[in-house]
Each structure stands twice: as C-alpha cells, then as structure tokens.
Amino acid sequence: MAIINRIADFHDEMTAWRRDLHAHPEIAFQEHRTAALVAEKLRAFGVDEVHTGLATTGVVGVLRGRPGDGAIGLRADMDALPIQEQTGLAHASTSPGRMHACGHDGHTTMLLGAARYLAETRNFAGTVYLIFQPAEENDGGGRVMVEEGLFERFPASQVYGMHNWPRRPVGSFAMRPGPIMAAADRWTIELLGRGGHAATPHLCQDGIVAGAAIVSALQTIVARNCDPIEQAVVSVTQFHAGDAFNVIPETVQLVGTARSFSPTVRQLLAARIGQLAEGIAAAHGVTATYRFIEGYPPTVNSAAETERAAEVAAEIVGAERVDPATPPVMGAEDFAFMLQRRPGSYIFIGNGGGEDAPMLHNPNYDFNDEILPIGASYWARLAERLLPVG
Ligand SMILES: [Zn+2]
Ligand SMILES: [Zn+2]
C-alpha cells in the first residue's frame, strides 16, 4: 500500500481527532462544536482562508498551492444520527441518543488529515476547496450549501466525495461511473373512511381493509410497471390505524419510501403509488389523500472524473483492490446536489469487518481508525494529480 509517509506519521493524531469527534456527536445543523474544531484545525494547519457558517454550520477551507487556475472541491460530511450508541467503547458517544453511526467523524478526520498534508507540502497548482458540510442525514445540508452559492463563492470545477463502507476490506476502494446511489423520495397516504363499532362493519367504511389492499397492490409497481432492466424500490414503512380492539377507525395513515435511479422510473413510482391508492380506496368507499415528497436526487458520477478517482485510488492501494464498476446501492446521499452542479465522483472506501460486522446506522457500528491514512492519502494524491505542478 502506498500511503503517504507524512500522513502515516500523524496517524495517531488523526485517531485522537476522530475519537474526540465520535465522543461528541452532533446532529443535522447543530454541528457547532464539530465546525469550530474543524475551523480551528484548518487555521492551525495554515489553510489560507477558513469560511464558517455556510448552511448554518458548514465550513470551507481555501488552500492555494503553486500558481495555477485549476480548482477542485473535496467534500466531507460532519453530522451524526439520533441513535443511542451501544458499542461500549472508551470513545463512545457522551450525548444520549446521539451517535456517529455513519462514520462522518471518520470522513471529517480524513479530510482534515489531507488538509494538513496539503497545507504543509503545497505540491499542487491551483486551489483546493475543503468542504465540510452539515446535515447529510435527511436534511440536505449539501443542498443548502449549493443553494447558498457554494460553487459561486468557491468556484471548483470538479467535486469529489467519499463514504466508508463496512464489510468491504480495509485498503479497498469502489466506485462506478453513472448513478451510484439512488433518489430517495417519501410518500404518504391518508385514508378517510367511516369509523364505528367493530361489530357493525356494514355500517362503516373500513380504511384498514382498504389500506391492507393498498399495501399489497403497491408490490406490483416494481414487479409489473417498471422496466425489468431498471432498479426501483417501493417500501411501506408505517401503517398507523386504530386504538381499540372493538372500534373500526375513521382514519388510516400509510407512509413509505420510493427509490430509483432514472427520472423516468422516479416519475412512474410517483404516479403509480397515487393511482393505486386512490383507485383502491375508492373501490372500498374511502377517500385517499396522496402526497409524494421528493427527497435526494440520484447521486450520479461523471465518467472522466470517476476514471481519475479510480486511478488515484489504485495508486494508493493497488489496482487489484479497486473496483471501478461496483454495483449501485439504493441508499441516498445529498452529495447528489453537488454532483448536479459539477462533474465529479463519489467513491466508497472499505471500512473492514466480516460478514456480520455492524453496517452503517447500526448502534454497534464504529468507524475503523485503520483506514484514516488511506482515505487521507487518497484525498491528498487526488489533489496533486488533478492539479499537477508544471
Ligand atoms: Zn448515514
Ligand atoms: Zn453517511
């Protein structure tokens, strides 16, 4: 493995930063301590400009190398999740109900490590924008940064992101051109029937029976309406109805998610869920109110930038440990909003662990400190290769 020696030298320090962040998790748009720590470190490393307060708690460091017009953005996320940690580790969360269960503590640390090295060596021509974003989980901090003019204030021509992935080997990378993560949308169906005594169903309009029929029918969208070559998910995740064993309730609420990669499939899911809900509800004599709420768009990697990312990853860990055509996953990522504005690539770094290692968002998950210098080396080399000197 070709980890940058200077970065390996401060592996212990990076581990300490990561564990400190892990012990002090902050959720979406509340990353005040985290952002202050990031800004303080960037200043201490000699990063030329440190901008705070983007999208509330975002931080951007501007690092200038040798003379040059090129400019790239490297992005890490900083937020934690509303989960009660169960690892029992010495560096476990000190905030009840808050946990870095997605490894954003590690992502922040890897970009800080690269920032330190790049600020010391400046072996690149042009500008590196170090983007630390808030609220990746659900609340779209990346979208807010873009809407607030991220790329106008910090005109990177390309942007790159990275996420750890448990059960992928330590010292491995994976990426693909095209969609790598899905669009994640939310939908709700409110059914209004006529409640009454459970002993007199003939005097009621039963939303529970209608809701059950809708849940079954929704399974046909992926099976019968989507092009079989495309990927899609429709999951019902909430079914709320009733409070008493002898009452047919007046209202029923169904909630779920729809995942897709192509705009055509996304529109199909949005339309078809509503058609089935309204038609089946009508057939049962109840009324359905349907809402489809667009969440994150698909995360789409551009081809040329992904090829460069794969080359740099191979430089660090060897080509045999880089999968340049990994299958996409149906999860979502708000780095998608940055990739809508700039070409770039979002890649996975192996977090290690066997087949039963806790996955992301699990209360027993922990970021693997072994991979800190691998990820930091990838970031540093990426900057040096994309912005070559001379
Ligand atoms: Zn997550
Ligand atoms: Zn994450």
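Look up a bit, the structure's there.
The text that follows walks through the structure, step by step, so that each part is easy to find. Counting from 1, residues in each chain are numbered in the order their sequence is written. Following the order in which they are written, the chains are lettered starting with A and the ligands numbered starting with 1. Thresholds applied to this predicted model are a pLDDT of at least 70 for local features of residues and 80 or more for the giving and counting of side-chain atom pairs; totals over whole chains, interfaces and linings are not thresholded and use all residues. Each side-chain value is worked out from all heavy atoms of the structure, with water and hydrogens disregarded.

1. Observations concerning the overall build of the protein
We count a stretch as a helix when DSSP gives it H or I for four or more residues in a row; a strand needs E for two or more, and each element gets its number in order from the N terminus. A count of helical and extended segments in the protein gives 11 helices and 16 strands. Here the protein has a C-alpha radius of gyration of 24 Å; the compact-globule value for 390 residues is 21 Å, and the two agree. With respect to the three principal axes, the spread of C-alpha positions in the protein is 80 × 45 × 40 Å. When each of the 390 residues of the protein is scored for burial, the buried share is 55%. Taking as baseline every contact in the protein between residues at least 6 positions apart, the subset at least 24 positions apart corresponds to 82%. Carbon together with sulfur atoms contributes 51% to the accessible area of the protein, which is approximately 15800 Å² in total. His is not counted, nor are the chain ends; Lys and Arg add positive charge and Asp and Glu add negative charge. Lys charges are placed at NZ, Arg charges at CZ, Asp charges at CG and Glu charges at CD. Taking the average place of the 30 positive charges on the side chains of the protein and the average place of its 44 negative ones, the gap between the two points comes to 3 Å. Computation of the radius of gyration draws on C-alpha atoms, with the globule rule given as 2.2 Å multiplied by the number of residues to the power 0.38. Three exposure classes are used, based on accessible area relative to the maximum for each residue type with a 1.4 Å probe and protein chains only: buried under 20%, partly exposed in between, and exposed over 50%. Two residues qualify as a contact provided that any one of their heavy atoms is within 4.5 Å of a heavy atom in the partner residue. Where accessible areas are quoted, they stem from the Shrake-Rupley method and a 1.4 Å probe; at the residue level, only the protein chains shown are allowed to cover.

2. Side note on the side chain of Glu137
Looking at the secondary structure, you find Glu137 in the loop between strand S4 (125-133) and helix H5 (141-147). A polar contact of 3.2 Å, which involves the side chain of Glu137, links it to the side chain of His361. Not counting residues up to four positions away in its chain, the partners in contact with Glu137 are Asp79, Ala80, Leu81, Cys102, His104, Tyr296 and His361. Counting of polar contacts relies on pairs of N or O atoms within 3.5 Å, with two restrictions inside protein: one atom must be capable of donating a hydrogen and the other of accepting it, and residues adjacent in sequence are counted only when both atoms are side-chain atoms.

3. Considering the coordination of the zinc ion (ligand 2)
Protein ligation of the zinc ion (ligand 2) involves Cys102 (SG), His104 (NE2) and His163 (NE2), the donor distances falling in the range 2.0 to 2.3 Å. Linear spacing of the donor residues for the zinc ion (ligand 2) on their chain is C-x1-H-x58-H. For Na, K and Ca the donor cut-off is 3.2 Å, and for all other metals it is 2.8 Å, counting N, O and S atoms only; because water is absent from this set, sites may look incomplete. Separation of the zinc ion (ligand 2) from the zinc ion (ligand 1) amounts to 3.1 Å, with Cys102 serving as a shared donor to the pair. Summarising the burial analysis for this pair, Cys102 and His104 share the class buried.

4. Focus: the environment of Asp356
By secondary structure assignment, the location of Asp356 is in the loop between strand S16 (344-352) and helix H11 (372-386). Since its relative accessible area comes to 70%, Asp356 is described here as exposed. Along the primary structure Asp356 and Pro166 are separated by 190 residues, whereas in three dimensions their C-alpha atoms are 9.6 Å apart.

5. Quick look at helix H9 (residues 303-317)
Expected helix span is computed as 1.5 Å times (number of residues minus one). With 15 residues, H9 should cover 21 Å at 1.5 Å per step; its first-to-last C-alpha distance of 21 Å lies within 8% of that length. For H9, the complete set of buried residues consists of Glu305, Thr306, Ala309, Ala310, Val312, Ala313, Ala314, Ile316 and Val317. Taken together, the buried residues of H9 touch strand S5 (158-166), strand S6 (173-174), strand S14 (299-301), strand S15 (322-323), S16 and H11. Within two residues after H9, Gly318 carries a phi angle of roughly 95°, on the positive side.

6. Details of the side chain of Gln133
With respect to the element layout, Gln133 can be found in strand S4. You can call Gln133 buried: its relative accessible area is 0%. Every residue in contact with Gln133, bar those within four places of it in the chain, is listed here: Arg75, Ala76, Asp77, Met78, Gly141, Gly142, Met145, Asp334 and Met338.

7. Quick notes on the layout of surface pockets
Any residue with an atom within 4 Å of a point lines the site, the site being either a cavity, points on a 1 Å grid over the protein atoms alone where a 1.4 Å probe fits but cannot get out, or a pocket, an open set with protein on both sides within 12 Å along at least 5 of 7 lines. Grid points are joined across faces, edges and corners, and a volume is the space filled by probe spheres set on the points. Taken as a whole, the largest pocket encloses approximately 790 Å³ of empty space. Taken together, 33 residues form the lining of the largest pocket, with Asn138, Ala184, Arg259, Tyr296 and Ala332 sitting closest to its centre. Where the lining of the largest pocket is concerned, the elements lending two or more residues are S5, strand S8 (183-192), strand S10 (232-241), strand S12 (251-260) and strand S13 (287-296). Just so you know the grouping, Ala, Val, Leu, Ile, Met, Phe, Trp, Tyr, Cys and Pro go in nonpolar, Asp, Glu, Lys and Arg go in charged, and all remaining residues, Gly too, go in polar. Partitioned by chemical class, the residues of the lining of the largest pocket number 14 nonpolar, 10 polar and 9 charged. Residue contributions to the lining of the largest pocket reach at least three from each of two domains, namely domain 1 (5-181 + 299-386) and domain 2 (183-296). Delimitation of the domains relies on an automatic or database domain assignment.

8. What to know about the packing of aromatic side chains
Any two of the Phe, Tyr and Trp rings considered here, Trp counted by its six-membered ring, make a pair once their centres fall within 6.5 Å; the pair's planes then place it as stacked at under 30 degrees, edge-to-face at over 60, or tilted in between. According to the stated counting rule, one finds 9 aromatic pairs in the structure shown. Here the aromatic rings of Trp17 and Phe45 are separated by 5.7 Å at their centres, their planes lie at 35°, and the arrangement is tilted. Of the two residues, Trp17 sits in helix H2 (residues 11-23) while Phe45 sits in helix H3 (residues 32-45), which places them 28 residues apart along the sequence. On the basis of relative accessible area, Trp17 is assigned to the buried category, the value being 10%. In this structure Phe45 comes out as buried when scored by relative accessible area, which is 16%. Here Tyr129 and Phe154 contribute two aromatic rings whose centre-to-centre distance is 5.7 Å and whose plane-to-plane angle is 65°, an arrangement assigned as edge-to-face. Of this pair, Tyr129 sits in strand S4 while Phe154 sits in the loop between helix H6 (150-153) and S5, and the two are 25 residues apart along the sequence.

9. Points about the sheet that holds S16
For two strands to be treated as a pair, DSSP must find at least two bridges joining them. Strand order across the open sheet formed by 8 strands is S1-S2-S4-S3-S5-S16-S6-S15, with mixed pairing between neighbours. Either end of the sheet is taken by a strand with one partner, and the two such strands are strand S1 (49-54) and S15. The pairing of strand S3 (residues 66-77) with S5 spans 4 bridges and is classified as parallel. What sits directly across from Leu74, in S5, is Tyr160. Between N-to-C directions, angles cover 0 to 180 degrees, with each direction set by a line fitted to C-alpha atoms, over the stretch in contact for helices. Taken strand by strand, H11 contacts S3, S4, S5, S6 and S16, and its axis lies near 160° from that of S5.

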